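# Examining the three-dimensional arrangement
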Amino acid sequence: MGLATALLAAVALAGQEKKAAEESEILAPEDFLNLRAIQDPQFSPDGARVAFVVSDPLAGQHRTRHIWMYD
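Residue numbers restart at each chain and count upward from 1, following the sequence in its written direction. Two thresholds apply to this predicted model, a pLDDT of at least 70 for residue-level local features and 80 or more for giving and counting side-chain atom pairs, whereas whole-chain, interface and lining totals are computed over all residues. The basis for every side-chain value is the complete set of heavy atoms in the structure, and neither hydrogens nor water enter the calculation.

Taken together, three strands build an open sheet; the order of strands is 1-2-3 and the sheet is antiparallel. Two strands close off the open sheet at either side, each with one partner strand: strand 1 (37-43) and strand 3 (65-70). For this sheet, the mean angle separating the axes of adjacent strands, direction not counted, is 25 degrees. At least two DSSP bridges between two strands are required for those strands to pair. A run of H or I in DSSP counts as a helix once it spans at least four residues, and a run of E counts as a strand once it spans at least two, with each numbered from the N terminus. The pairing of strand 2 (residues 50-55) with strand 3 spans six bridges and is classified as antiparallel. Looking at strand 3, one finds that V50 is bridged to Y70. Only the stretch in contact is used when fitting a helix axis, every axis being a line fitted to C-alpha atoms; angles between N-to-C directions are given from 0 to 180 degrees.

Turning to the pairing of strand 1, a few remarks are in order. Where strand 1 lies against strand 2, five bridges are found, and the strand directions are antiparallel. Bridge pairing links Q39 to V53 in strand 2. Linking two consecutive strands that pair antiparallel, namely strand 1 and strand 2, is a turn of six residues; a positive phi of about 80 degrees is found at G47 within it.

Okay, the pattern of salt bridges next. Salt bridge, as used here: a side-chain nitrogen of Lys or Arg that lies within 4 Å of a carboxyl oxygen of Asp or Glu. Applying the stated criterion to the full structure yields two salt bridges. The salt bridge involving R36 is made with D56; its shortest N-O contact spans 3.5 Å. In this pair, R36 is assigned in the loop between helix 1 (2-14) and strand 1 and D56 in the loop between strand 2 and strand 3, connecting sequence segments 20 residues apart.

Looking now at the side chain of S55. Summarising the element assignment, S55 is placed in strand 2. Two residues form a contact once any of their heavy atoms are found within 4.5 Å. Every residue in contact with S55, bar those within four places of it in the chain, is listed here: L35, R36, A37, Q39, R63, T64 and R65.

Right, here's the structure in full:
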């Protein structure tokens, strides 16, 4: 399941805008507040799909969460 979680993270983060970093690609601790988070992956009974919760970056005091499905 570790590989599946890594795959889900790559898929979810691929759609996010990338910051233009001229000097380095190192993330600062506060940069993690602007990333999406993936939680609770659940595979369909036939294994053809996976559903997971994606939390959007913090907006004010709340994070918006969505259920995503991936074939």
